[in-house]
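Listed below are the residues making up each chain.
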Amino acid sequence: MKGVAILGSTGSIGTTALRVLARHADRFRVVALTAHGNADLLAVQEAATQAPFIGLVANGSAHSVPERWRRGSECLTEAATLADADIILNAVVGAAGLDPTLAALNAGKRVALANKETLVVAGELVRQAAVSGGGEIVPVDSEHSAILQCIGSRSGAGVRRLVLTASGGPFRDWSRERIEQATRDDALRHPTWSMGRKITVDSATLVNKALEVIEAPHLFGVPYDQIDIVVHPQSIVHSFVEFVDGSVLAQVGLPSMELPVLYALAHPERINESSAAPFDPVAASPLTFESVRLDDFPALRLGLAAARHGEAAPAVFNAANEAAVALFLDARIRFVEIAAAIESALDVLGDLPGTEKNALLVADRAARQLVNERFGC
Ligand SMILES: NC(=O)c1ccc[n+]([C@@H]2O[C@H](COP(=O)([O-])OP(=O)(O)OC[C@H]3O[C@@H](n4cnc5c(N)ncnc54)[C@H](OP(=O)(O)O)[C@@H]3O)[C@@H](O)[C@H]2O)c1
């Protein structure tokens, strides 16, 4: 029986994980749940799981919550280091997920990592924490889960190339002129995946794919020049791995996050999932692949450049994007201004140093401030 702490249990991945865990209650026990502000859903989840630790990050008086709940952002690291938590599913959105990931790895836990921003902001520090603390990261992102399932370990030995698939998002076949007029509703209408609002916008700008490329070397030790992206609108092939002998493996399945979540909990085992529908290749066909339109999705190009630049550039890219997406969701900037805001932050802050945690936090804060000052009024 493994104890599982779910950080971000009220979100899209968190609720998916609770559905998966409810079907596998003979193997996993939910020992902690956290949310940012959704106290009502958290209370429902507490009643359903009987989790002994409940944390709510938002500390405002607007929330009247039981005395036994922990309050404030420290509840994330507390949940991530509980003695009876063997696996920490980090399903928090944004850079707020970094500290609990580091704490869990330092405490020797398995981190089932959905929070991709963790590795983007501080991939090297996260890797070091895993080595020194004895913890391990198992990715939840469907693309990285696919790669792990193809190579079977976290070593990129024998791998010639990773090819991450991208749905292309809602604007895949829109002209550049039409994308310039895109609204918030347009951006939130993802063609194949149902996800939280931030990652849905990231999928529309293709920032999401840049974040995934930045993550991959930290997970598999494969350098950036051996990572490619291909657009695959059906989201059936979750990624490809090309090996040095020319063989190519892919992991395929219907677009659902239940399998990557279950796999991250059970890896390297496979657990019988009777609710998984049999895969029908005929029904899933045709499967098509296209080149990515880098010129029309400038945020992806900026993210790939930040990845190659290294140091604090990926943290600046991530923080500027988080701030810009928040402004966009608040209807304060237009869709195309997200990329403009990222570019502006990278122009000013892209050369900041980034080997120490403090330096990365400084870069993160400066990028948010710059975007809010230049674009938020
Ligand atoms: N959704 C997917 O299919 C998918 C796939 C691959 C990777 N991911 C990654 O998984 C992560 C979560 O995505 P999601 O779609 O599940 O997001 P989401 O639906 O927005 O859920 C986010 C969760 O994090 C909590 N949260 C928000 N801000 C927080 C903060 N500052 N501190 C602590 N907790 C906070 C939210 O609590 P409240 O509900 O109380 O606000 C909620 O529980 C993201 O990094 C995303 O990129 C998601």
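Definitions and limits used
- Every chain begins its residue count from 1, and numbering advances along the sequence as written.
- Local features in a predicted model are, by the rule used here, given only for residues with pLDDT of at least 70; side-chain atom pairs are given and counted only at 80 or more, and totals for whole chains, interfaces and linings are based on all residues.
- The side-chain numbers reported here are obtained from all heavy atoms of the structure, hydrogens and water having been left aside.
- Whether a residue is near a molecule or strand depends on its heavy atoms: it is near if one of them lies within 4 Å of it.
- Polar contacts here mean pairs of N or O atoms no more than 3.5 Å apart (in protein, one a potential hydrogen donor and the other a potential acceptor; neighbouring residues in sequence count only if both atoms are side-chain atoms).
- Basically, the charged four are Asp, Glu, Lys and Arg, the nonpolar ten are Ala, Val, Leu, Ile, Met, Phe, Trp, Tyr, Cys and Pro, and anything else, Gly included, counts as polar.
- For the purposes of this entry, the term helix denotes a DSSP run of H or I that reaches at least four residues, the term strand denotes a run of E that reaches at least two, and both are numbered from the N terminus.
- For a helix, the expected span equals 1.5 Å multiplied by the residue count minus one.
- Partly exposed residues are those whose accessible area sits between 20% and 50% of the maximum for their type, while under 20% is buried and over 50% is exposed, using a 1.4 Å probe and protein chains only.
- As used in this record, nonpolar core signifies buried Ala, Val, Leu, Ile, Met, Phe, Trp, Tyr and Cys residues forming a set joined through side-chain atoms within 4.5 Å.
- Contact criterion: two residues are considered in contact whenever any of their non-hydrogen atoms come within 4.5 Å of each other.
- Grouping into patches uses exposed residues only, defined as over 30% relative accessible area, and leaves out salt-bridged ones; the cut-off is 9 Å for like charges and 5 Å for nonpolar side chains (Val, Leu, Ile, Met, Phe, Trp, Tyr).
- Surface accessibility in these figures is a Shrake-Rupley result with a 1.4 Å probe; residues are shielded only by whichever protein chains are displayed.
- In the sections that follow, a salt bridge refers to a side-chain nitrogen of Lys or Arg positioned within 4 Å of a carboxyl oxygen of Asp or Glu.
- Strand pairing is assigned whenever DSSP identifies at least 2 bridges connecting the two strands.
- For helices, the fitted line uses only the C-alpha atoms of the stretch in contact; every axis is such a line through C-alpha atoms, and the angle between N-to-C directions lies from 0 to 180 degrees.

A. Expanded view of the site of the ligand. Neighbouring the ligand are 25 residues, the closest being Thr10, Gly37, Asn38, Glu117 and Gly196. Taking Ile13, its main chain carries an N or O atom lying 2.9 Å from an oxygen atom of the ligand. Within the backbone of Asn38, one N or O atom sits 2.7 Å away from an oxygen atom of the ligand. Tallied by class, residues from the shell around the ligand come to 12 nonpolar, 10 polar and three charged.

B. Local environment of helix H14 (residues 313–329). Over its 17 residues, H14 runs 24 Å from end to end, which matches the ideal 24 Å to within 8%, given 1.5 Å per residue. Within H14, 16 of the 17 residues are buried, which leaves it mostly tucked inside the rest of the structure. Phi for Ala331, located one or two positions after H14, is positive at around 60 degrees.

C. Spotlight on the nonpolar core. With 129 residues, the main nonpolar core has Leu162, Phe171, Phe317, Phe335, Ile338, Ile342 and Val371 as its most contacted residues. For this core, the element with the highest residue contribution is H14, accounting for 12 residues. Beyond its immediate sequence surroundings of up to four residues, Ile342 is in contact with Val207, Ala299, Leu302, Phe317, Ala320 and Asn321.

D. Seen up close, the environment of Asn38. For Asn38, the location among the structural elements is in the loop between strand E2 (28–35) and helix H2 (39–49). Take Asn38: its relative accessible area is 36%, and that puts it in the partly exposed class. In the structure, Asn38 is positioned 321 residues away from Ala359 in sequence and 32 Å away in space, judged by C-alpha atoms. Discounting residues that sit within four places of it in the chain, Asn38 has contacts with Thr10 and Leu56.

E. Region of interest: a nonpolar patch on the surface. Taken together, the side chains of Val252, Leu254 and Phe279 define a hydrophobic patch exposed on the protein surface, amounting to about 260 Å² of accessible area. Position of Leu254 relative to the elements: it lies in the loop between strand E11 (248–252) and helix H11 (258–266).

F. Structural view of the sheet that holds strand E3 (residues 53–56). Strand order in the open sheet made by the seven strands is E4-E3-E2-E1-E5-E6-E7, with parallel pairing throughout. With partners counted over all chains shown, the strands left at the sheet margins are strand E4 (70–71) and strand E7 (136–139), one partner each. Summarising the sheet, strand E6 (residues 110–113) and E7 pair through four bridges and their orientation is parallel. Residue pairing across strands places Arg110 opposite Glu136, the latter belonging to E7.

G. Molecular detail of the sheet that holds strand E10 (residues 237–243). With mixed pairing, four strands are arranged side by side in an open sheet as E9-E8-E10-E11. The outermost strands of the open sheet, each flanked by one partner alone, are strand E9 (227–231) and E11. Shown here is a sheet whose adjacent strand axes are inclined to one another by a mean of 20 degrees, direction ignored. With five bridges joining them, strand E8 (residues 159–166) and E10 adopt antiparallel strand pairing. Residue pairing in the sheet places Val163 in a bridge with Phe240 of E10.

H. Representation of the side chain of Glu117 within the structure. Along the chain, Glu117 turns up in helix H5 (residues 117–133). Its relative accessible area of 5% is what places Glu117 among the buried residues. Within polar-contact distance, the side chain of Glu117 engages the side chain of Lys198 at 2.8 Å. Beyond its immediate stretch of four places on either side in the chain, Glu117 contacts Val93, Gly94, Ala95, Lys198, Asn318 and Glu322.

I. Structural context of the pattern of salt bridges. For the coordinates displayed, the defined rule picks out 25 salt bridges. One salt bridge in this structure joins Glu258 and Arg23, with 2.5 Å as the shortest N-O distance. Taken together, the positions of Glu258 in helix H11 and Arg23 in helix H1 (residues 12–23) put the pair 235 residues apart, joining distant regions of the chain. Taking the relative accessible area as the measure of exposure, Glu258 reaches 18% and is therefore buried. For the salt bridge of Lys116 with Asp141, the shortest nitrogen-to-oxygen distance reads 3.0 Å. Here Lys116, found in the loop between E6 and H5, pairs with Asp141, found in the loop between E7 and helix H6 (142–151); they are 25 residues apart in sequence, far enough to count as distant. By the burial criterion, Lys116 is buried, and Asp141 matches it. It is possible to trace a salt-bridge network through shared partners that takes in Lys116, Asp141, Glu143, Lys209 and Glu212.

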